[in-house]
Structure formats: structure tokens, C-alpha cells
Amino acid sequence: MACNSKTGLWYLRCSNTFLGSTRGGLIESNVDLHRRKPANCSPKTPKNTDLHPMKDIFPHYHIGHFVNRPEQPLDFEITRFEEMGELDIQDPHKHTFYEILWFDEGRSTQVIDYREYDILPGTLFFISPNQLHHFEEYQPLRGGSVFFTEHLFLLGNPDQERLFELTFLDNFFTTPYFQPDDQTFVEIRLTIDLLFKEKKRHDWLPSIAQSLLQILLAQIQRGIDTREKPSATKRNVVLYKKL
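Residues numbered from 1 in each chain as written. Predicted model: local features only at pLDDT ≥ 70, side-chain atom pairs only at ≥ 80, totals over all residues. Heavy atoms only, no water.

A. Highlighting the overall build of the protein. Scanning the protein for helices and strands turns up five helices and 13 strands. Looking at the 243 residues of the protein, the share that counts as buried comes to 41%. (Helix = DSSP H or I, 4+ residues; strand = E, 2+ residues; numbered from the N terminus. Buried < 20%, exposed > 50% of the residue type's maximum accessible area, 1.4 Å probe, protein only.)

B. Highlighting the side chain of Glu198. Inspection of the secondary structure assignment puts Glu198 in helix H3 (residues 182-200). Within the buried core, Glu198 has no salt-bridge partner, and the shortest N-O distance to an opposite charge, that of Arg201, equals 4.3 Å. Apart from the residues lying within four places of it in its own chain, the contact partners of Glu198 are Trp204, Leu205, Ile208, Ala209 and Leu212. (Lys, Arg positive; Asp, Glu negative; His and termini not counted. Salt bridge = Lys/Arg side-chain N within 4 Å of Asp/Glu carboxyl O. Contact = heavy atoms within 4.5 Å.)

C. Representation of helix H4 (residues 206-227) in the model. Between the first and last C-alpha of H4 there are 31 Å, a value that for 22 residues agrees with the 32 Å anticipated at 1.5 Å per step. Of the residues making up H4, those classed as buried are Ala209, Gln210, Leu212, Leu213, Leu216, Leu217, Gln219, Ile220, Gln221, Gly223 and Ile224. (Expected span 1.5 Å × (residues − 1).)

D. Broad picture of the pattern of salt bridges. Under the defined criterion, the tally for this structure stands at nine salt bridges. Here Arg189 ties to Asp104 by a salt bridge, and the two come within 2.9 Å at their closest N and O atoms. A residue pair is termed long-range when its members are at least 10 positions apart, and Arg189 in helix H3 and Asp104 in strand S7 (residues 98-105) qualify at 85 residues. Taking the relative accessible area as the measure of exposure, Arg189 reaches 15% and is therefore buried. A relative accessible area of 22% means that Asp104 is categorised as partly exposed.

E. Structural context of the packing of H3 against H4. Packing of H3 against H4 brings their axes to within 10 Å, and their N-to-C directions diverge by 165°. The orientation of H3 relative to H4 falls into the category roughly antiparallel. Between H3 and H4 lies a crossing whose hand is left-handed. Here Glu187, Ile188, Thr191, Ile192, Leu194, Leu195 and Glu198 of H3 lie close against H4, whose contacting residues are Ile208, Ala209, Leu212, Leu213, Ile215, Leu216, Gln219, Ile220 and Arg222. Of the residues contributing to the contact of H3 with H4, the split by class is eleven nonpolar, two polar and three charged. (Axes fitted to C-alpha atoms, helices over the stretch in contact; angles between N-to-C directions. Parallel < 35°, antiparallel > 145°, perpendicular 65-115°, else oblique. Left-handed = near helix turned anticlockwise from the far one by under 90°. Nonpolar A, V, L, I, M, F, W, Y, C, P; charged D, E, K, R; others polar.)

F. Representation of the pairing of strand S9 (residues 115-119). When strand S8 (residues 108-112) meets S9, the two strands line up antiparallel, connected through five bridges. Each bridged residue has a counterpart across the sheet, and for Ile112 the counterpart in S9 is Arg115. (Pairing = 2+ DSSP bridges.)

G. Main features of the pairing of S8. Counting buried positions along S8 gives five out of five residues, so the element sits mostly inside the fold. Going residue by residue along S8, you find Ser108, Gln110 and Ile112 tucked away on one face and Thr109 and Val111 tucked away on the opposite face as well. As judged from the three bridges shared by S8 and strand S11 (residues 132-135), these two strands associate in the antiparallel manner. Residue pairing for S11: Gln110 is matched across the bridge by Phe135.

H. Summary view of the nonpolar core. With 29 residues, the main nonpolar core has Ile100, Phe126, Val146, Phe148, Phe168, Leu169 and Ile220 as its most contacted residues. Considering every element that reaches this core, the biggest residue donor is H4, with seven residues. Apart from the residues within four sequence positions on either side, Phe168 is in contact with Ile100, Phe126, Leu217, Ile220, Gln221 and Ile224. One finds Phe81, Leu101, Ile112 and Ile127 within the second-largest nonpolar core, a separate group that totals ten residues. (Core = buried A, V, L, I, M, F, W, Y, C linked by side-chain atoms within 4.5 Å.)

Right under this line is the structure:
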């Protein structure tokens, strides 16, 4: 196959068949090429060979943006929807952190990675870094969000496999929500309340918040494992996430 570097047309080098054009959708065939003077079809070397990655069109936000402290790169925060003020957040957007959302009352919809999900009472949603997210409908809701970074989760024990073993995080092939049975949801909510009380203390400690967070994540994982038969071993999940 060869090209005419001036016209952008593509040909078969060893036949007289013109395959098409890269411009304007032009299509021809059986063009008599042997009467044309051969052209030098070697690709021209561009003057500037620097390659630049495509810019992400969606804004990325860290935890501080969701508590109206965008100047502070926080590692942990917990908020209730009914206590949140007006946020300077564009939709859709992406996160640089993990978010666990819980819903006590109200109904609405949200979009995660271009898929729309109904929000129902007693439901948990999970958003990992770089996932696209926005609320489709802003309806009155009761519930809240737990925000945390990988740094907080690994505080004091930088074994990333512990984070990767959580099948509901960093796994774009699973549903980003979980609707536990009533008893499991009550137990999860009790842990969330302990996290909330710890964070509201003036002397709150990241180590205590981390411990409560890990209990919360373990409760969620246990509930998912009980409700759904795992489709892959944890070892395979870890290997996939390392890629």
C-alpha cells in the first residue's frame, strides 16, 4: 500500500485500484495509475516530533474541594448531605481519592463512568480515583460520604495489596454499589457514626480514623462476599489491579 503525500489518497502499490481518500469521504476505483508520474510517498518527518498526551476534559478534585477547603490536600473527611454547603464543583468530574456514599432517605439518580444508577435508601455506592461521577438529579437526600486517600488507608503499613484485596474498589468490572440486608446496613451505619464522631473531635487522630475506616471497609467486603459469590479469587483480583 502506498500514499500520495500531497493528496492524502491511499493506493495498493501493486495494482491500479484506488482504495479511497482520507479527505471528504471521496471514493473512486479502477483509476489508471500507470500514466501518472510516480510520486515520492515517503512520509515527511514533522518539524516538531514531541508527543503530548491527550488532556483530560473533566476536572479532577481532591477531598478539600468537597468541604470547601480546596487549598488543603486532605487525606480524610466525612460529611452528611444535609450539612453540606454549596460546593464549587463542576459536573461531571473525577476524583483523586476514594469515596463511600451511604443513603438513609430519599431517591435520586447518579452517573458513574457513563452509567446511570438509581439511588435508594439503604444503599452504598463506591467511587475510586479517576472514575467519572455526577449526580443526575439533585433531590433532597439524607446520608453522606466518607472520603479517604490511599495514603490514609496505608498509614503505618504500606502494603498496597491490602487495598487491592477490596473487590469493590478500583474494579471497573463490578457494580459500584451494594444494597445490604437491613441488619448489615445497621451495623455499617454504626461504624460510620463512630467515624463521624471521631472526625468531629478537636483532637481527632488519623490512626483512629484509619482503624475505624478499615473496620467499615471490612464490613462492606464481608457483606458483599456473603451476598454474592466471588467471580475471582482475591489473588487474581490483586494481580489484575497491579497491571
